[in-house]
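As a plain string of letters, each chain reads:
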Amino acid sequence: MTKEQYRENVALLNKYAHYYYVLDDPLTTDDVYDRLYHEVLAFEEKNPTDVLKESPTQRVGGTPLDKFTKASHPSRMWSLEDIFNAQELQKWLEKTGKLVDNISFYCEPKYDGASLNLIYANGELAQAITRGDGVVGEEVTQNAKTIQSIPLTIAHQGKIEIRGEVVIFKDEFEKINIERAKEGEAQFANPRNAAAGSLRQLDPKITAKRNLVFLPYGIGINDLEEKLLHKRMELVYSWGFREPPRRKTTAGFEAIEEVYEQMKAERDGYAMMLDGMVIKVDQVEAQEEMGYTVKVPRWAMAYKFPAVEKITTLKDVILQVGRSGAVTPVAIVEKVDLDGAMVERASLHNFDEIDRKDIRIGDKVIILRSGDVIPKIVKVLTHERDGSQKPYIRPTACPVCNSELLDEGALTKCQNLACSARVVNAIIYFASKPCLNIDGLGDKIVETLYNEGLINNVTDLFSLTLDQLLALEGFKEKKSQKLLDAINGAEGCECWRYINALGIEHIGEVASKTLCENFGVAFTEVSKEELIAIDGFGEEMANSLLEFVRVNAEHITTLEQILMPKAPAKKEEAVENPFKAKTVVLTGSMSESRGNIKTMLEALGAKVSGSVSKKTDFVIYGEDAGSKYDKAVSLGVETITETKMREMLR
Ligand code: IVH
């Protein structure tokens, strides 16, 4: 590798990392990245004086510290005043309107993590300081360098402070806690604590492992000429920082309310935890005019979302027996409002978890809803105990059929195949939305049919008669006939529904669809090799499927004969055309809706994708095309106008 090639390779590695960590759009595989990284590292070892500041090898943290050094922020890090409802927003807008005229507001998410101040000088990251008391914080530069979404160098020479929030994404938080549970380590109570704890590690190698993400939200001292905050932030994003999932510069109560409602509605879908929306005056001059109180700026405000974390009391632990026999504890808690829903139940994972956290009945606990619908107990407030709390004793017998439980540590199982809870739950699952979607066959009705001795397994459903149903309490002619029709309507169902309804362990809706696309009903005749060759199919899934087919061959045949599932329609081969088998991205406004154009292109055999990558064949653009067009140009992807597309089809 020559010095010139070394420079190019560092630039290429940084481009790969930017696409991966900042744009969430990988350009290559880990393998290609790792190989190039090691070549770069080898060159640097031989030529230590040529090492570039921005080389990704410079992110690897050095030796652990004994303690952190205190460092002053070049300019103070403020906090924000909170508001909680529309009236307070209205009032705040009136107040700001009296202070300055003609202003607009930059709205962006309020991230729930740990704040960090990055100081760049001469285009290089010089220092990273935690917020501390806003005036003095702790220097964590080594740790910050391990965060891939923090650029080591930026295209700006002047001294500048870039402020942002260090967060851990929700899925990563779940993963870390599962790992920690396995290792018998204490759980993080929420993603914020996990982020803050990981940022303040004396050993940067630990920080590096936590997949922290930096989300910029502001600027401290600077020499920028832009007079609008949103323009300044655009500049920051262009230097390689992550953009917020939603942002808007707007004015007026209604418009701001609308952005807030949108952000709140999308909140669960975002990778990071949000606890509100921040509203900031966009005009920097007006900001300066408005100034600060002792603690907060007068030109900004945090409009909080309803809390997803609350303190409540654990009243009881009840047991649930699933269709596979797994017995799981469920916490019954004092009713609390969590993000607009009244919550009484929280998940506890398993009995080991209760022991590990030393959860006792009567304890004050923190519950958190971070992504899943059912909140979890994440922390016990042991300091609130008054002696009345009682330890929980693990069950040894099934709460439903009383047979002895098999305790495998993390998993506790009722082994009685005829346990009524297992049978009933299996039938409920069979009829549920992602399976056969049998309208009207919900929990209650399944229980009634089972208790009356009319059904003992899923196949019994198909021999139910009108007379049998009419004999039940509350079943009139119309309701009974409707239910029978719905059950019989499952005949000829889509093949993937039938596969999913079998309830095979590790084979959910997505895997069922994949199986169905690849093999149709013949999925029972497939070998392990063929299964593993499918994208997304692992060893565990393949083994589970093969074992199920071996043990339940007869049941599968009977169900297939009853249901006669439809194999997916073979797509008709598209006629030859320039877009057949090509990957296409649509952007900008077109002569008709993009949805229509997408349908047309798909009928021509094109794959229409939402994001541009190296694999895109064409970006078809209309008026006001934005970042997708720019990205296509920078990647060298062919761009064509809508008119050109129509010409090509003629
Ligand atoms: S602006 C001059 N914007 O919230 C205003 N802060 O409650 C200073 N935070 O310490 C803060 N997302 O750690 C701002 N988009 C955002 C934010 C944000 C999260 C945190 C930040 C700050 C705290 C204030």
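Analysis parameters
Residues numbered from 1 in each chain as written. Predicted model: local features only at pLDDT ≥ 70, side-chain atom pairs only at ≥ 80, totals over all residues. Heavy atoms only, no water. Phe/Tyr/Trp six-rings, centres within 6.5 Å; stacked < 30°, edge-to-face > 60°. Helix = DSSP H or I, 4+ residues; strand = E, 2+ residues; numbered from the N terminus. Buried < 20%, exposed > 50% of the residue type's maximum accessible area, 1.4 Å probe, protein only. Lys NZ or Arg CZ within 6 Å of the ring centre and 35° of its normal. Expected span 1.5 Å × (residues − 1). Core = buried A, V, L, I, M, F, W, Y, C linked by side-chain atoms within 4.5 Å. Contact = heavy atoms within 4.5 Å. Near = heavy atom within 4 Å. Polar contact = N/O pair within 3.5 Å; in protein donor to acceptor, adjacent residues only side chain to side chain. Areas by Shrake-Rupley, 256 points an atom, 1.4 Å probe, with all protein chains shown as cover. Nonpolar A, V, L, I, M, F, W, Y, C, P; charged D, E, K, R; others polar. Pairing = 2+ DSSP bridges. 1 Å grid on protein atoms, 1.4 Å probe; cavity = no way out; pocket = protein on both sides within 12 Å on 5 of 7 lines; lining within 4 Å. Points joined across faces, edges and corners; volume = space filled by probe spheres on them. Arc of directions from axis to C-beta.

Draft legend 1. Layout of the packing of aromatic side chains. If you walk through the whole model with that rule in mind, you get 15 aromatic pairs. Ring geometry for W78 and Y292: centres 4.0 Å apart, planes at 15°, overall stacked. Taken together, the positions of W78 in the loop between β1 (70-72) and β2 (82-83) and Y292 in the loop between α10 (284-290) and β11 (300-304) put the pair 214 residues apart, joining distant regions of the chain. Judged by relative accessible area, W78 falls into the partly exposed class, the value being 28%. Measuring from ring centre to ring centre gives 6.4 Å for F430 and F462, while their planes differ by 85°; the resulting arrangement is edge-to-face. Here F430 is found in helix α12 (residues 420-431), whereas its partner F462 is found in the loop between α13 (443-451) and α14 (466-470), with 32 residues between them in sequence. In this structure, F430 and F462 share a single accessibility class: buried. In textbook terms, an aromatic cluster arises when at least three aromatic residues are bridged by ring pairs, as seen for W78, Y292 and W299. The side chain of R180 reaches across the aromatic face of F188, ending 4.3 Å from its centre.

Draft legend 2. Up close: α12. Along its 12 residues, α12 runs 17 Å from first to last C-alpha, staying within 8% of the 16 Å computed at 1.5 Å per residue. Where burial is concerned, most of α12 is hidden: 9 out of the 12 residues are buried. Burial in α12 covers these residues: A421, R422, V423, V424, I427, I428, Y429, F430 and A431.

Draft legend 3. Fine view of the nonpolar core. Counting residues in each nonpolar core, the largest one holds 53 residues, and the members touching the most others are L441, L449, L461 and Y498. Put simply, the parts of the chain that give this core at least two residues each are α12, α13, α15 (477-488), α16 (495-501), α17 (509-519), α19 (539-551) and α20 (553-563). Counting residues per element, this core draws most heavily on α12, at 7 residues. Filtering out sequence-adjacent residues up to four positions away, L449 remains in contact with L441, L454, I455, L464, L469 and L472.

Draft legend 4. Here's a closer look at the site of the ligand. Neighbouring residues of the ligand: 15 residues in total, closest E108, P109, S115, E165 and K280. Within the side chain of K110, a nitrogen or oxygen atom sits 3.2 Å from an oxygen atom of the ligand. Between the ligand and Y111 there is a distance of 3.0 Å, counted from a nitrogen atom to a backbone nitrogen or oxygen. In isolation the ligand offers 520 Å² of accessible surface; the protein chains occlude 89% of this area. Secondary-structure elements contributing two or more residues to the shell around the ligand are β3 (105-111) and β10 (274-281). It is β3 that contributes the most residues to the shell around the ligand, 4 residues altogether. Residues of the shell around the ligand, tallied by class, amount to 8 nonpolar, 2 polar and 5 charged.

Draft legend 5. Summary view of the pairing of β11. A large share of β11 lies buried, amounting to 5 of its 5 residues. Burial of β11 is two-sided: the residues A300, A302 and K304 facing one way and the residues M301 and Y303 facing the other way are all buried. Bridge count between β2 and β11: 2 bridges; the pairing is parallel. Note that in β11 the partner of D82 across the bridge is A302. Across 5 bridges, β10 lies against β11 in antiparallel orientation. Paired with G276 across the two strands is K304, which belongs to β11.

Draft legend 6. Empty space enclosed by the protein, seen in detail. Counted by the stated rule, this structure contains 1 cavity of 30 Å³ or more. Of the voids in this model, the largest cavity is the one considered here, and its volume is about 50 Å³. For the largest cavity, the full set of lining residues is K170, R267, D268, M273, L274, V308, R369 and S370. For the lining of the largest cavity, a count of residues per class yields 3 nonpolar, 1 polar and 4 charged.

Draft legend 7. Region of interest: helix α3 (residues 86-99). Across its 14 residues, α3 extends 20 Å between first and last C-alpha, which sits within 8% of the 20 Å expected from 1.5 Å per residue. When α3 is considered as a whole, its buried residues turn out to be L89, W92, L93 and T96. Summarising the axial view, the buried residues of α3 lie within an arc of 100°, below the 170-degree limit, and thus occupy one face. Of the residues in α3, the exposed ones pointing more than 90 degrees away from the buried face are Q87, K91, K95 and K98. The inward-facing, buried residues of α3 contact β2, β3, α9 (253-266), β10, α10 and β11. One side-chain oxygen of the residue at the start of α3 lies 3.2 Å from the amide nitrogen of Q87, identifying that residue as N85.

Draft legend 8. Structural view of the pairing of strand β5 (residues 124-130). Where strand β4 (residues 114-121) lies against β5, 6 bridges are found, and the strand directions are antiparallel. Note on β5: the bridge partner recorded for I119 is Q127. Hairpin connection, β4 to β5: the antiparallel pair is bridged by 2 residues, and N122 has positive phi, about 50°.

Draft legend 9. Local environment of the environment of Q561. On the secondary structure map, Q561 appears in helix α20. Once the C-alpha coordinates of Q561 and E491 are considered, the two residues, 70 residues apart in sequence, prove to be 9.4 Å apart.

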